Amino acid sequence: MDKNVFKDISYGLYIVSSIDKEKDQDVGCVINTLNQLTSTNPLVAICLNKENYTNEIIKKEKRFVVSILSEEVNPDIIKKFGFSSSKAKDKFAGEKVIDVNGIKTLDDAAICSYIECEVSQIIDVGSHDLFIGKVVSTKKVSSKKPMSYKYYYEVIKGGVSIKAPTYVEDREIKEEIYVCDVCGYVHYGKIPDDFKCPMCGVDASHFKKKE
Ligand SMILES: Cc1cc2nc3c(=O)[nH]c(=O)nc-3n(C[C@H](O)[C@H](O)[C@H](O)COP(=O)(O)O)c2cc1C
């Protein structure tokens, strides 16, 4: 199977967030797997890795907000939300946020619009869960251009995460692949001893060879 074919699929870039009401903890992560499923009685779908803390909390709270990132978002926000876990830190601390009925999302400097959802179905798809969300509200917050995955990869030169369901080994020549066991960042080729993860900063001992 030529998995490079999947790279011809167009994606956007989003932040999905929720709240653990019991612990009063905000969670959220970067995703590229938002799809609109229907428009009368609108439904959307998002696909979340089972290892992601945001998945655990959305299963519990049964609500989430998914926001469409703009091309003008600070790349450090994508780094934080895409390569570190909400389990260890409050990713929204220090960011300008909008409150959507108790769930935080980023403000108009980072996003174009948001969609508030109630979970109507969860489908186990192996490494990930597919969450079907019933849309309860939407809001356009800026007229900035939505970020596409292509723009993120080619213009911003953003990193690839092995936790994204769309991850494809993208080297013609098969180099060794090492994955950061903390944030999922993928590095191609040998890891020098003094290497530090460009995403989360941990040392070379955290990089495990992908077989
Ligand atoms: C460009 C990009 C796209 C991503 N897409 C997804 C996705 O669609 N689904 C997913 O579960 N994780 C995706 N991730 C990975 C999560 O954002 C990442 O594992 C995050 O650290 C999880 O944080 P959490 O533990 O706070 O939920 C993506 C990461 C990046 C950088």
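About the criteria used
- Residues numbered from 1 in each chain as written.
- Predicted model: local features only at pLDDT ≥ 70, side-chain atom pairs only at ≥ 80, totals over all residues.
- Heavy atoms only, no water.
- Pairing = 2+ DSSP bridges.
- Helix = DSSP H or I, 4+ residues; strand = E, 2+ residues; numbered from the N terminus.
- Axes fitted to C-alpha atoms, helices over the stretch in contact; angles between N-to-C directions.
- Phe/Tyr/Trp six-rings, centres within 6.5 Å; stacked < 30°, edge-to-face > 60°.
- Buried < 20%, exposed > 50% of the residue type's maximum accessible area, 1.4 Å probe, protein only.
- Contact = heavy atoms within 4.5 Å.
- Domains from an automatic or database assignment.

Trainee: I'd like a description of the sheet that holds strand β12 (residues 207-209), backed by residues and values.
Mentor: Read from one edge to the other, the open sheet built from three strands follows the order β11-β10-β12, with strand pairing classed as antiparallel. On the outer flanks of this sheet lie β11 (186-188) and β12, each paired with one strand and no other. Along the sheet, successive strands turn relative to each other by an average axial angle of 30 degrees, direction set aside. Sheet analysis places strand β10 (residues 177-180) next to β12, joined by three bridges and oriented antiparallel. By the bridge assignment, cysteine 180 is partnered in β12 with phenylalanine 207.

Trainee: So what's going on with the packing of aromatic side chains? Which residues, and what values?
Mentor: Per the counting criterion, the structure on display carries six aromatic pairs. A ring pair is formed by phenylalanine 83 and tyrosine 185, whose centres lie 6.1 Å apart and whose planes are at 65 degrees; its orientation type is edge-to-face. Taken together, the residues span a long stretch of sequence, with phenylalanine 83 in helix α2 (residues 75-83) and tyrosine 185 in the loop between β10 and β11 at a distance of 102 residues. For the pair shown, phenylalanine 83 and tyrosine 185 are each scored as buried. Ring-pair connections join several aromatic residues into one group, and the members of that group are Tyr11, Tyr149, Tyr152 and Tyr153.

Trainee: Quick rundown of the pairing of strand β7 (residues 103-106)? Include the residues and the values.
Mentor: Summarising the sheet, strand β6 (residues 97-100) and β7 pair through four bridges and their orientation is antiparallel. Considered in β7, the bridge of isoleucine 98 is made with threonine 105. The antiparallel hairpin formed by β6 and β7 contains two residues in its connecting segment, where asparagine 101 sits at a positive phi of about 45 degrees.

Trainee: Run through the sheet that holds strand β4 (residues 43-49), naming residues and quoting values.
Mentor: What links the strands of a sheet is backbone hydrogen bonding, and the strands pair in either a parallel or an antiparallel sense. Strand order in the open sheet formed by seven strands is β2-β1-β5-β8-β9-β4-β3, and the pairing between neighbours is antiparallel. Since the sheet does not close on itself, it has two edges, and those belong to β2 (25-31) and β3 (34-38), each with one partner. Across the sheet, the mean angle separating the axes of adjacent strands is 35 degrees when strand polarity is ignored. As judged from the seven bridges shared by strand β1 (residues 14-20) and β2, these two strands associate in the antiparallel manner. Across the sheet, residue isoleucine 19 finds its bridge partner in β2, namely aspartate 26. Strands in contact with helix α1 (residues 53-61) are β1, β2, β4, β5 (63-69), β8 (111-124) and β9 (128-140); relative to β1, the strand with the most contacts, it is inclined by about 55 degrees. Each of β1, β2 and β5 is contacted by α2, which is oriented at about 105 degrees to β2, the strand it contacts most.

Trainee: Residues and numbers for the domain arrangement of the chain, please.
Mentor: One frequently used descriptor of interface size is the decrease in accessible area upon assembly of the parts. What the domain assignment reports for the chain is domain 1 (10-154) and domain 2 (177-209). The distance between the C-alpha centroids of domain 1 and domain 2 comes to 26 Å.

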